[in-house]
Amino acid sequence: MQFLFNLRSQGMTDTRVLNAMEKVDRGQYIRGTFSDRAYEDTPLPIACGQTISQPSIVALMTAALDVQPRDKVLEIGTGSGYQAAILSHLARRVYTVDRHRKLVRAARAIFEAENIANITAFTADGSWGLEQLAPFDRIILTAASEDPPGPLLAQLRIGGIMVLPVGQSDTVQTLVKVLKTESGFDYNELRPVRFVPLLEGLGK
Ligand code: SAH
């Protein structure tokens, strides 16, 4: 895939992340008008007015998450399912949540067709996390909030990592890496990004 070649030449050296991305065909996650652009390093529109993230940002976020093979990962913002599919090749178990039922159904169908068996997708407001399945080793948000949601910070295990875009929806946001320690949280700002907003409640 063209963008994998570009990622390497741009200095992405995390071979585990590159290998996981190699296993996932982005073309399977984009239907309709934009499918012929699936292999470009660009965000693209998907159903429900949402977007599939730019592959180089997916690579950066996945590398920052530093997923270990035994990890239980929570993703908020299933969207097309592309990011979850990449995580599924790095983690033991992936739980992914989206507020749009239609997106969750479509993503489940692709996971099944691609024989990915370690992802469970839920329709819910992900700001509340998945209390019954907590704690999580890693949490990733692919929609921006003004602050890291409290329930998600609570559902991260000590030593766990959360990666998320933080900021107002209509401005440039900052990609933040949060490490939960015995005594609190360490915050690390990675770079400016632009994501769709984390919204309350379920989508129509
Ligand atoms: N990770 C996706 C990109 C997602 S775009 C991919 O790989 O394609 C962001 C997604 O976050 C959208 O699908 C949107 O519906 C979802 N979202 C926004 N607010 C949410 C919330 N409170 N709970 C769950 N999902 C939410």
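Residues numbered from 1 in each chain as written. Predicted model: local features only at pLDDT ≥ 70, side-chain atom pairs only at ≥ 80, totals over all residues. Heavy atoms only, no water.

**Topic: the overall build of the protein chain**
Each helix and strand counted, the protein chain has six helices and nine strands in total. Seen along its three principal axes, the alpha-carbon backbone of the protein chain occupies a region of about 50 × 40 × 35 Å. Counting only residues that meet the buried cut, the protein chain has 50% of its 204 residues in that class. Contacts in the protein chain between residues at least 24 apart in sequence constitute 52% of all its contacts with a sequence separation of at least 6. Just so you have it, the protein chain exposes about 9,700 Å², and 50% of that area is on carbon and sulfur atoms. When the 22 positive and 22 negative side-chain charges of the protein chain are each reduced to one mean point, those points stand 5 Å apart. (Helix = DSSP H or I, 4+ residues; strand = E, 2+ residues; numbered from the N terminus. Buried < 20%, exposed > 50% of the residue type's maximum accessible area, 1.4 Å probe, protein only. Contact = heavy atoms within 4.5 Å. Areas by Shrake-Rupley, 256 points an atom, 1.4 Å probe, with all protein chains shown as cover. Lys, Arg positive; Asp, Glu negative; His and termini not counted. Charge placed at Lys NZ, Arg CZ, Asp CG, Glu CD.)

**A closer look at the pattern of salt bridges**
With the rule as written, the count across this model stands at five salt bridges. Across the pair arginine 8 and glutamate 22 runs a salt bridge, and its minimum N-O distance is 2.9 Å. One end of the pair, arginine 8, is in helix H1 (residues 2–9); the other, glutamate 22, is in helix H2 (residues 15–22), and 14 residues separate them in sequence. By relative accessible area, arginine 8 is classed as partly exposed at 40%. Since its relative accessible area comes to 42%, glutamate 22 is described here as partly exposed. Taking the shortest distance from any N to any O, the salt bridge between glutamate 40 and arginine 37 comes out at 3.1 Å. The exposure class assigned to glutamate 40 is partly exposed, which follows from its relative accessible area of 35%. (Salt bridge = Lys/Arg side-chain N within 4 Å of Asp/Glu carboxyl O.)

**Side note on the packing of aromatic side chains**
The full count for this structure, using the stated rule, is four aromatic pairs. Ring plane angle 45 degrees and centroid distance 6.4 Å describe the contact between phenylalanine 185 and tyrosine 187, whose orientation is recorded as tilted. By way of ring pairs, the aromatic residues Tyr95, Phe122 and Phe136 are connected into one cluster. It is arginine 26 that lies over the ring of tyrosine 82; its NZ or CZ is 5.8 Å from the centre. (Phe/Tyr/Trp six-rings, centres within 6.5 Å; stacked < 30°, edge-to-face > 60°. Lys NZ or Arg CZ within 6 Å of the ring centre and 35° of its normal.)

**Observations concerning the site of the ligand**
Residues in close proximity to the ligand total 28 residues, the closest being Ser80, Asp98, Asp125, Gly126 and Leu199. Within the backbone of leucine 199, a nitrogen or oxygen atom sits 2.6 Å from a nitrogen atom of the ligand. Burial of the ligand by the protein chains amounts to 99% of its free accessible area of 580 Å². Going through the elements one at a time, strand S2 (51–52), strand S3 (72–76), helix H4 (82–88) and strand S4 (93–98) are the ones with two or more residues in the shell around the ligand. Grouping the constituent residues of the shell around the ligand by class yields eleven nonpolar, 13 polar and four charged. (Near = heavy atom within 4 Å. Polar contact = N/O pair within 3.5 Å; in protein donor to acceptor, adjacent residues only side chain to side chain. Nonpolar A, V, L, I, M, F, W, Y, C, P; charged D, E, K, R; others polar.)

**Quick notes on the nonpolar core**
Met21, Tyr29, Leu65, Tyr82 and Phe111 are the most contacted members of the largest nonpolar core, which totals 46 residues. Looking at this core, the elements with two or more residues in it are H1, H2, helix H3 (55–65), H4, helix H5 (101–113), strand S5 (119–123) and strand S7 (156–166). By residue number, the principal contributor to this core is H3, which donates six residues. Excluding residues within four positions of it along the chain, leucine 65 makes contact with Val73, Leu87, Arg138, Ile139, Ile140, Ile161, Met162 and Val163. Judged by nonpolar contacts, the second largest core, of 16 residues, contains Leu74, Leu152, Leu153 and Leu164. (Core = buried A, V, L, I, M, F, W, Y, C linked by side-chain atoms within 4.5 Å.)

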